[in-house]
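What the coordinates show
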Amino acid sequence: MAQVFKPSADVWLRAILVTAALTVASIVVGGWVYLHSDWVTDVGEAPWQPVPFSHRHHAGEMEIDCRYCHYTVEQSAQATLPTAETCMTCHSKVWTEADMLRPVREAYAEGRPLVWNRVVNVPDYVYFNHAIHVDKGVGCTTCHGPIQEMALTYESHSYSMAWCLDCHRDPAPFVRPRDALTDLRWKPTKDQIAANRRRLHAEGVTPETMTDCYTCHR
Amino acid sequence: MTLRHLRRAALVPLVLLATACGPDMEEQERPRPIDPEPVLSGPTSRLPVEGTVARGEKTAWEVLRDRPEITPELLAHGRERFEIYCAPCHGIAGYGDGLIVRRGFPAPQSFHQDRLREAPAGHFLAVIANGFGAMFPYGDRVPPGDRWAVVAYIRALQLSQHAEAAALPADVREALP
């Protein structure tokens, strides 16, 4: 009886097995990399806005405090987008002829808000509240990145659940004193982290309660 | 298979419906505060009826009527609010030389002049609430309690630029150059 398999079949079998294993591995690794990549998370991409508003100019160069425009951030779940009146506080006198500010002037004249596009869009099953984070000392740039360098506003990183938990499990390295909340260039020191740990402990901010499911999902 | 089995089997699709998940939960049908509202046109978060007061809170008038006690905490709060909302135009020290003014906004009056040193607190309270000249109203950005804190801090700024050396405490006077 003739041989069913030639000697080379052994080589083929090994080659096919190795190729199959590599294919599965590359799909798993590639899929993971793709799902965490900027293509999926939109990190670094500035969505279209009715007015090309620059945080680099307003917050960076003009040193306007974040709370000048986002003035409910200390009391409310929402940081609030400024009213057209807030923009016009300065732009009634500065850049009054600028074409790119036409939507602001029209909104102000007609008494309706400008409709901006969301940059950070957490899913609806996440109940995020700005006020409590600010009250406990989470500064603006801690989550929103180097906003003073953004000519157009984009996500500086992915707002994933793992990223939230990094801080909820151990907030001490991330929080700051209340008078530095809107300091755009604030950096923590070693002493600061130890001081934070003491303060958070005294205020009852403990990782045990901050990692319960219902802290964020209600 | 009995009828009871059939009844149980009929529950299976119901249970599957109850576990519905995915994009529907990511984008739920509830409106969010600053989303556009299709029926009434405008944002979903509406303005409260004029004169609305939260339960247990004082009305704006009640807060504005009585001058609060001047404490270091009030002054510190006033300084923080002043530097957020006022300093862009009025400048950190109140001379009317803020960064926005250097970029072309009409310069406001300096706080360091006799007219404003002698102006009653009510003048500043009214200007914060209603605006003045080129200045827009700040009533919605600076609530009544904060306005008192800002006025207290303006008074401190005025004093800082117009104090008699003899009126200083002895230890501070010694530190003068």
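Residues numbered from 1 in each chain as written. Chains lettered and ligands numbered in written order. Predicted model: local features only at pLDDT ≥ 70, side-chain atom pairs only at ≥ 80, totals over all residues. Heavy atoms only, no water.

With 28 residues of chain B at the interface, the matching set in chain A holds 31 residues. Where chain B abuts chain A, roughly 2,800 Å² becomes buried across the two surfaces, and 58% of that area is made up of carbon and sulfur atoms. If you sort the residues of chain B by the area they bury against chain A, B:R32, B:F136 and B:R141 come out on top, with a joint share of 22%. Where chain B touches chain A, the interface holds two salt bridges. For the interface between chain B and chain A, the tally reads eight residue pairs in polar contact (both at pLDDT 80 or more). Breaking the side of chain B that touches chain A down by element, the ones donating at least two residues are α2 (23-26), α4 (72-90) and α5 (99-102) of chain B. Considering each element in turn, the side of chain B that touches chain A owes the most residues, five residues, to α4(B). Residues belonging to the side of chain B that touches chain A are distributed by class as follows: 16 nonpolar, two polar and 10 charged. (Contact = heavy atoms within 4.5 Å. Buried area = accessible area lost by both parts, 1.4 Å probe. Salt bridge = Lys/Arg side-chain N within 4 Å of Asp/Glu carboxyl O. Polar contact = N/O pair within 3.5 Å; in protein donor to acceptor, adjacent residues only side chain to side chain. Helix = DSSP H or I, 4+ residues; strand = E, 2+ residues; numbered from the N terminus. Nonpolar A, V, L, I, M, F, W, Y, C, P; charged D, E, K, R; others polar.)

This part covers the UniProt feature "domain: Cytochrome c" (unreviewed entry) in chain B. Taking the numbering used here, the UniProt-annotated feature "domain: Cytochrome c" (unreviewed entry) corresponds to residues 73-158 of chain B. Across residues 73-158 of chain B, helical content stands at 60% and strand content at 0%; the span's end C-alpha atoms are separated by 18 Å. (UniProt positions renumbered as here; feature names shortened; annotations may be inferred.)

For the rest of this paragraph, the subject is the UniProt feature "domain: Class III cytochrome C" (unreviewed entry) in chain A. Feature annotation in UniProt places "domain: Class III cytochrome C" (unreviewed entry) on residues 49-95 of chain A, given in this structure's numbering. Helix and strand shares over residues 49-95 of chain A are 40% and 0% respectively, and the end C-alpha atoms of the span are 19 Å apart.

Right, let's get into unusual backbone geometry. Residue and element names in this part refer to chain A. Unlike most non-glycine residues, D42 shows phi in positive territory, near 65°. Structurally, the position occupied by D42 is in the loop between α2 (38-41) and α3 (55-61). According to the relative accessible area criterion, D42 is partly exposed, its value standing at 38%. Within the chain, T80 stands out as a residue other than glycine whose phi angle is a positive 75°. With respect to the helices, strands and loops of the structure, T80 is situated in the loop between α4 (66-69) and α5 (84-91). (Buried < 20%, exposed > 50% of the residue type's maximum accessible area, 1.4 Å probe, protein only.)

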